[in-house]
Amino acid sequence: MDQETKNTIERAVEEISENYMNEPLFSTKAGKNMPERKIIIDALRELRLVMFPGYFGEQDATRGLPRYFVGSRFLSIYNMLCEQIADALAYQEEEGDLRAQSLEGMPDERNCKKAEYICSGFFEQLPRIQKLLLKDVQAGFDGDPAAKSKEEIIFSYPGLFAIFVYRIAHEFYIRNVPFIPRIMTEYAHAKTGIDINSGAVIGESFFIDHGTGIVIGETTVIGDNVKLYQGVTLGGLSTRGGQKLSGVKRHPTIEDNVTIYAGATILGGQTVIGKNSVIGGNTFITESVPENSRISIKPPELDIRLR
């Protein structure tokens, strides 16, 4: 390495170090710890072992002592999540809140107690979530003639994985846990190309076919027995208002028994797609559609000529 290159690197080191000092985003708050992404993803993986036993771990793990299998997994998951939730709550506290101050970067007792309460409520919902996921599996099998078995859907379908992660993350979203729901859903987004915001409200028997490029916004409401194909966007009409729109319904409502085909875009918080409707591919919708509708665009005219 010549001297000129060394000087260049030294200048870059100095400037980046100065950025560290001047930008608050690069410094943890008063020694507090942010939640660790790896641990949260590990907890998701452990939860998938419990929700779908025998598929992603030892196949005979639940045959002999299912109570021991579930109990030991739950204890591990509880410890992982409780610590991360406590860290997230402590980090989110305002700097001036003296009650949130702690020693050696550990969350205070108040946040630890709150994390325990949140985890207790979450674990209480896990049997219900598992039943929902089984209905999602059935919807996938019923809705896809290419599916050879329900086992194949559990093993292989990215849509089901994205739905699984969403259903877990949603429980933390509704309990106002910072950071963690987004970490979970962005993990699924990166793996599948399916972006489901944890704030969306999604009913039972939900099926995503193919899935790549699907976007479901934070305030979307989806009823029961809804089926989406690849490239569907359920989004907001405009985000120019930025943080002023936080908490405002910005995304559409999709009622029961609706099918939305590939590439359709449905925008707006006041837009409602009525029950039993079919939305054709590549449609662009910004107003409500009544029940039992069939929406499509006229196919382009083909000009076929012999060479």
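Here is what the cut-offs are and how they apply
Per chain, residue numbering runs from 1 following the sequence as it is written. Reporting in this predicted model follows two pLDDT cut-offs: at least 70 for local features of residues, and 80 or more for side-chain atom pairs to be given and counted; totals over whole chains, interfaces and linings ignore these cut-offs and use all residues. As a rule here, side-chain values cover all heavy atoms of the structure and leave hydrogens and water aside. Helix and strand assignments follow DSSP, with helices taken as H or I runs no shorter than four residues and strands as E runs no shorter than two, numbered in order from the N terminus. Buried residues are those whose accessible area, probed at 1.4 Å on protein chains only, stays under 20% of the maximum for their type, while exposed residues exceed 50% and partly exposed ones sit between those limits. We call two residues in contact when some of their heavy atoms are within 4.5 Å. Here the accessible surface of atoms and residues is derived via Shrake-Rupley with a 1.4 Å probe, and residues count as covered only by protein chains that are part of the display. We treat two strands as partners when DSSP finds at least two bridges between them. Throughout, nonpolar core names a set of buried Ala, Val, Leu, Ile, Met, Phe, Trp, Tyr and Cys residues whose side chains join them through atoms within 4.5 Å. The score called pLDDT rates the predictor's confidence residue by residue, from a low of 0 to a high of 100. Axis geometry follows a simple rule: fit a line to the C-alpha atoms, using only the stretch in contact for helices, then measure angles between N-to-C directions, giving values from 0 to 180 degrees. Oblique is the label for any angle not covered by the other classes, which are roughly parallel (under 35 degrees), roughly antiparallel (over 145) and roughly perpendicular (65 to 115). Crossing handedness: left-handed means the near helix sits turned counterclockwise from the far one by under a right angle, and right-handed means the same turn made clockwise. Residues are grouped as follows: Ala, Val, Leu, Ile, Met, Phe, Trp, Tyr, Cys and Pro are nonpolar; Asp, Glu, Lys and Arg are charged; every other residue, Gly included, is polar.

Peer 1: Got a minute to help me understand the overall build of the chain in this structure?
Peer 2: Helices and strands together make up the secondary structure of the chain, namely seven helices and 14 strands. Counting all 307 residues of the chain, 42% fall into the buried class. Considering only contacts in the chain between residues 6 or more positions apart, those separated by 24 or more positions represent 50%. On the chain, roughly 17800 Å² of surface is accessible, and the fraction owed to carbon and sulfur atoms is 52%.

Peer 1: Looking at this structure, I do not really get the sheet that holds strand E7 (residues 233-235). What am I missing?
Peer 2: Two strands in a sheet stick together by hydrogen bonds in their backbones, pointing the same way (parallel) or opposite ways (antiparallel). Taken in spatial order, the five strands make up an open sheet running E1-E4-E7-E10-E13, and their pairing is parallel. With partners counted over all chains shown, the strands left at the sheet margins are strand E1 (195-196) and strand E13 (284-285), one partner each. With two bridges connecting them, strand E10 (residues 265-267) and E13 associate as parallel partners. Note on E13: the bridge partner recorded for Ile266 is Ile285.

Peer 1: Help me understand the environment of Ile196, please; the structure alone is not making it clear to me.
Peer 2: Along the chain, Ile196 turns up in strand E1. Along the chain, Ile196 and Thr220 lie 24 residues apart, while their C-alpha atoms are 9.5 Å from each other. Not counting the four nearest positions on each side in its chain, Ile196 is found in contact with Ala162, Ile163, Tyr166, Thr185, Ile202, Ile208 and Ile216.

Peer 1: Just checking my understanding: could you explain the nonpolar core for this structure?
Peer 2: Nonpolar side chains tend to gather and get buried jointly when the protein is soluble and globular. Ile85, Ile168, Met184 and Ile260 are the most contacted members of the largest nonpolar core, which has 69 residues in total. The set of elements that each furnish at least two residues to this core consists of helix H2 (37-51), helix H3 (66-92), helix H4 (109-143), helix H5 (150-156), helix H6 (158-173), helix H7 (180-192) and strand E3 (207-208). If we skip the residues at most four places from it in the chain, Ile260 touches Lys227, Leu228, Tyr229, Val232, Leu234, Ile254, Ile266 and Ile279.

Peer 1: What is the right way to read the confidence of the model for the chain from this model?
Peer 2: Fine structural detail should not be taken from predicted coordinates in areas where pLDDT scores are low. Looking at the chain, the pLDDT average stands at 89 and 90% of residues meet or exceed 70. In this model residues 98-104 is a low-confidence stretch, pLDDT under 50, and it forms 11 contacts with partners more than four residues away in sequence or in other chains.

Peer 1: Would you mind going over the packing of H2 against H4 with me for this structure?
Peer 2: Axis separation between H2 and H4 bottoms out at 11 Å; the angle between their running directions is 60 degrees. Relative to H4, H2 is oriented oblique. At the point where H2 passes H4, the crossing takes the right-handed sense. Contacts between H2 and H4 involve Leu47, Val50 and Met51 from the first element and Phe122, Leu126, Ile129, Gln130 and Leu133 from the second. The residue inventory of the contact of H2 with H4, partitioned by class, reads seven nonpolar, one polar and no charged.

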